[in-house]
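Residues per chain, in single letters:
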Amino acid sequence: MEAVLHAMIKSNPGSVGNGLSKHIHILGICGAFMGGIALLARELGYRVSGSDANVYPPMSTQLKRAGIHLLEGYQPGHLQPAPDQVLVGNALSRGNPAVEYLLNSGLPYTSGPQWLAEHVLTQRWVLAVAGTHGKTTTSSMLAWLLEHAGLSPGFLIGGVPKNFGVSARLGGSDFFVVEADEYDTAFFDKRSKFVHYRPRTLCLNNLEFDHADIFPDLEAIKIQFHHLLRTVPGDGLVIHRAGDVAIEDVLRRGCWSQQASFSSSLEATWSAPECNEDSSDFVLLGNGQRLPVSWSQIGKHNLENALAASAAAHHAGVPPDLLGAGLAGFQGVKRRLELLAEIGGVRVYDDFAHHPTAIASTLAGLRARAEGGSIRVLLEPRSNTMRLGLHREQLASCTALADEVLWYQPENLEWELAEVVAQSLAPALLFRDTGDMIERLVQVSEPGDQLVIMSNGGFEGIHQRLLAELRARDRGVRPATANNSAAAAEG
């Protein structure tokens, strides 16, 4: 069956070149997913343009480098002259000027996931990674394991894997890795994005309540995950985290495919019963093989991501003896505990934190590697779920392993962080100005300290501003650029 599938797909790998210079315009083009769609469309030969409310790096840089024309805002004029098709991102809704013009003018339109399914995924071996946490990292690991094995996969990932330097590409084979997000598809299609992908290999990393702006409760998310299970063929493989109660509930509702499990601590098809404290060295057990792995990643969460990615890569045909070397060569993902710089012995990391469980897992990995210095966290609760306050009860405890937490209260946050600060298990301070946060860290950080900036947004450019101030301190020169208001820290 697999040999037939490979031959069939290689005769028509994603319909490469079917763009024939047709013009696609993408609304919401700078989002991680729609930006990836733009890159794939350009590679297929389409002329691509796009609009977004905020055109900013790194996505804008990646798109411009690919020859894609970017426009700021959502003006009806951006759709004149009329493109051949409009792709609508899920951030846009009725009332948006471009959406209203699109509907009134009768232009052909579709969603990004539907376009991906019809123009890229057709007749390909799709490997999808779904779950509340770890999708981007696991997808990146999986794509790299296939690449390392010489399989030249295509991929669309909601981040930039350092091994590739781009978030999406068509690839040179039948394999395609996609980060399978449960967020809704578009204003006209409220199904989760991932129901469009029809995977042959599916990883279910974990399942918790998230995306409170579109899902009323965990049960609503479970329903969408079961819709995804229904699309996996009988001879496909569902790889799931052992011991995850929510995932086990979804599987009990009906699974018609082969199954494999993974766990770093429980009995599973793929496991790692031996590992050091920060999980940078472990023994991978799977398919009867015992493979020692030494790599640059840390934390139990990354170890479990590696187990899921290894199981999926093996299903696609990667021999077990290549998995260890592949993981050792994995360079990580931008904005996933990415080391930005070490200045005067102080390490500064950028982490795309958006959920209490992910925050706690990241800090646990960092704490295991800490060598005497303090871990200081700058945290902006920016995700839609956090802004609605749904995780507020967990926020006080998820940073317990830090030595100091600097919480930022942005103007658009719909609730007060003071209660979280008061209940924090780690020393905590509340700030309303990012300049004051920088000033605090420049004053107290010492060689050996690790500073972790946690946000899924730009955080008012605090990353580069902090680095500049630390470099100035290291040179003995302090430019007066850290503070941009007289607001004082509270705590």
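What counts and how
Residues numbered from 1 in each chain as written. Predicted model: local features only at pLDDT ≥ 70, side-chain atom pairs only at ≥ 80, totals over all residues. Heavy atoms only, no water. Helix = DSSP H or I, 4+ residues; strand = E, 2+ residues; numbered from the N terminus. Rg over C-alpha atoms; globule rule 2.2 N^0.38 Å. Contact = heavy atoms within 4.5 Å. Areas by Shrake-Rupley, 256 points an atom, 1.4 Å probe, with all protein chains shown as cover. Lys, Arg positive; Asp, Glu negative; His and termini not counted. Charge placed at Lys NZ, Arg CZ, Asp CG, Glu CD. Salt bridge = Lys/Arg side-chain N within 4 Å of Asp/Glu carboxyl O. Axes fitted to C-alpha atoms, helices over the stretch in contact; angles between N-to-C directions. Parallel < 35°, antiparallel > 145°, perpendicular 65-115°, else oblique. Left-handed = near helix turned anticlockwise from the far one by under 90°. Nonpolar A, V, L, I, M, F, W, Y, C, P; charged D, E, K, R; others polar. Pairing = 2+ DSSP bridges. Expected span 1.5 Å × (residues − 1). Phe/Tyr/Trp six-rings, centres within 6.5 Å; stacked < 30°, edge-to-face > 60°. Lys NZ or Arg CZ within 6 Å of the ring centre and 35° of its normal. pLDDT = per-residue confidence, 0-100. Buried < 20%, exposed > 50% of the residue type's maximum accessible area, 1.4 Å probe, protein only. Right-handed = clockwise from strand over helix to strand, strands pointing away.

## Some points on the overall build of the chain
Alright, step 1. Of the regular secondary structure elements, the chain holds 16 helices and 23 strands.
Alright, step 2. In terms of overall size, the chain behaves like a compact globule, its C-alpha atoms giving a radius of gyration of 23 Å where 491 residues would be expected to give roughly 23 Å.
Alright, step 3. Considered along the principal axes of its C-alpha atoms, the chain spans approximately 65 × 60 × 45 Å.
Alright, step 4. Look at the contacts in the chain between residues 6 or more apart in sequence, and 66% of them connect residues 24 or more apart.
Alright, step 5. On the chain, roughly 19100 Å² of surface is accessible, and the fraction owed to carbon and sulfur atoms is 49%.
Alright, step 6. The positive charge centre, built from 40 side chains, and the negative charge centre, built from 52, are 5 Å apart in the chain.

## Quick word on the pattern of salt bridges
Alright, step 1. Tallying each qualifying case throughout the model produces 23 salt bridges.
Alright, step 2. Measuring nitrogen to oxygen at the nearest pair gives 2.9 Å for the salt bridge that ties Glu 219 to Arg 253. With Glu 219 in helix α7 (residues 218–229) and Arg 253 in the loop between α8 (245–252) and β14 (258–263), this pair connects stretches of sequence that are 34 residues apart.
Alright, step 3. Close ionic contact of Arg 290 with Glu 274 constitutes a salt bridge, the shortest N to O distance being 2.9 Å.

## Some points on the packing of helix α9 (residues 300–315) against helix α10 (residues 320–328)
Alright, step 1. Where α9 contacts α10, the axes come no closer than 10 Å and their chain directions differ by 140°. The angle between α9 and α10 places the two elements in the oblique class. The crossing of α9 and α10 is right-handed. For the pair formed by α9 and α10, the contact residues are Ala 306, Ser 310, Ala 313 and His 314 on the first element and Pro 320, Leu 323 and Leu 327 on the second.
Alright, step 2. Taken together, the residues that form the contact of α9 with α10 break down as five nonpolar, two polar and no charged.

## Digging into the sheet that holds strand β1 (residues 23–27)
Alright, step 1. Sheet architecture is open: five strands sit in the order β3-β2-β1-β4-β5, paired in parallel fashion. In this open sheet, the two strands that pair with only one neighbour each are β3 (69–72) and β5 (109–111). Sheet twist, expressed as the average angle between the axes of neighbouring strands with direction ignored, equals 25°.
Alright, step 2. For strand β2 (residues 47–52) and β3, the ladder comprises four bridges, and the chain directions are parallel. For Ser 51, the partnering residue across the bridge sits in β3 and is Leu 71.
Alright, step 3. The sheet strands contacting helix α5 (residues 112–121) are β1, β4 (85–88) and β5, and the helix crosses β5 at an angle near 90°.

## Focus on α9
Alright, step 1. Between its first and last C-alpha atoms α9 spans 23 Å; for 16 residues at 1.5 Å apiece the expected length is 22 Å, and the two agree.
Alright, step 2. Immediately downstream of α9, the backbone of Gly 317 shows phi near 110°, a positive value.

## Side note on the sheet that holds strand β7 (residues 154–156)
Alright, step 1. Taking strand neighbours across the sheet as the criterion, the ten strands line up as β8-β7-β9-β6-β12-β13-β14-β15-β16-β17 in an open arrangement whose pairing is mixed. Each edge of the open sheet carries a strand with a single partner, namely β8 (168–169) and β17 (289–294).
Alright, step 2. With two bridges connecting them, β14 and strand β15 (residues 270–275) associate as parallel partners. Bridging from a neighbouring strand, Phe 262 pairs with Trp 270 of β15.
Alright, step 3. Strands β6 (125–130), β12 (201–204) and β13 (237–241) of the sheet are contacted by α7, whose axis makes an angle of about 160° with β12.

## Overview of the packing of aromatic side chains
Alright, step 1. Applying the stated criterion across every chain, the model contains nine aromatic pairs.
Alright, step 2. Seen from their ring centres, Tyr 46 and Trp 115 are 5.9 Å apart, and the 70° between their planes marks the pair as edge-to-face. Placement of the pair is Tyr 46 in the loop between α2 (32–43) and β2 and Trp 115 in helix α5, with a sequence separation of 69 residues.
Alright, step 3. Arranged with centres 6.1 Å apart and planes meeting at 75°, the rings of Trp 144 and Phe 164 form a pair that is edge-to-face. Of the two residues, Trp 144 is situated in helix α6 (residues 135–148) and Phe 164 in the loop between β7 and β8; the sequence distance between them amounts to 20 residues.
Alright, step 4. Cation over ring: Arg 200 sits above Trp 125, and NZ or CZ is 6.0 Å from the ring centre.
Alright, step 5. Taking the ring centre of Phe 352 as reference, the NZ or CZ of Arg 336 above it sits at 4.3 Å.

## Focus: the packing of α7 against α8
When two helices pack together, their arrangement is given by the angle between the helix axes and the distance between those axes.
Alright, step 1. Running from N to C, α7 and α8 point in directions that differ by 50°, and their axes come no closer than 9 Å. The orientation of α7 with respect to α8, classified from their angle, is oblique. Crossing geometry of α7 relative to α8 is assigned as right-handed. Touching Leu 218, Lys 222, Phe 225, His 226 and Leu 229 of α7 are Ala 246, Asp 249, Val 250 and Leu 251, all from α8.
Alright, step 2. Counted by class, the contact of α7 with α8 contains six nonpolar, one polar and two charged residues.

## A look at the confidence of the model for the chain
Alright, step 1. Overall, the prediction assigns the chain a mean pLDDT of 88, with 91% of residues at 70 or greater.
Alright, step 2. A low-confidence stretch, residues 1–17 (pLDDT under 50), is modelled with 25 contacts involving residues beyond four sequence positions or located in other chains.
Alright, step 3. For residues 480–491, every residue scores under 50 in pLDDT, and the model assigns this stretch 27 contacts once sequence neighbours within four places are set aside.

## So, the pairing of β12
Alright, step 1. Going residue by residue along β12, you find Thr 201 and Cys 203 tucked away on one face and Leu 202 and Leu 204 tucked away on the opposite face as well.
Alright, step 2. Bridge analysis of β6 against β12 gives four bridges, and the strand direction is parallel. Looking at the pairing, Ala 128 lines up with Leu 202 of β12.
Alright, step 3. Note: β12 against β13, four bridges, orientation parallel. In the sheet register, Leu 204 faces β13, and the bridge partner there is His 240.
Alright, step 4. Crossover handedness for the path β12 to α7 to β13: right-handed.

## Quick notes on α2
Alright, step 1. With twelve residues, α2 ought to run about 16 Å at 1.5 Å a step, and its terminal C-alpha atoms sit 17 Å apart, in line with that.
Alright, step 2. Extensive coverage of α2 is indicated by the burial of nine of its twelve residues.
Alright, step 3. Considered for burial, the residues of α2 that qualify are Phe 33, Met 34, Gly 35, Gly 36, Ile 37, Ala 38, Leu 39, Leu 40 and Ala 41.
Alright, step 4. Among the residues trailing α2, Gly 45 stands out with phi positive, at a value near 110°.

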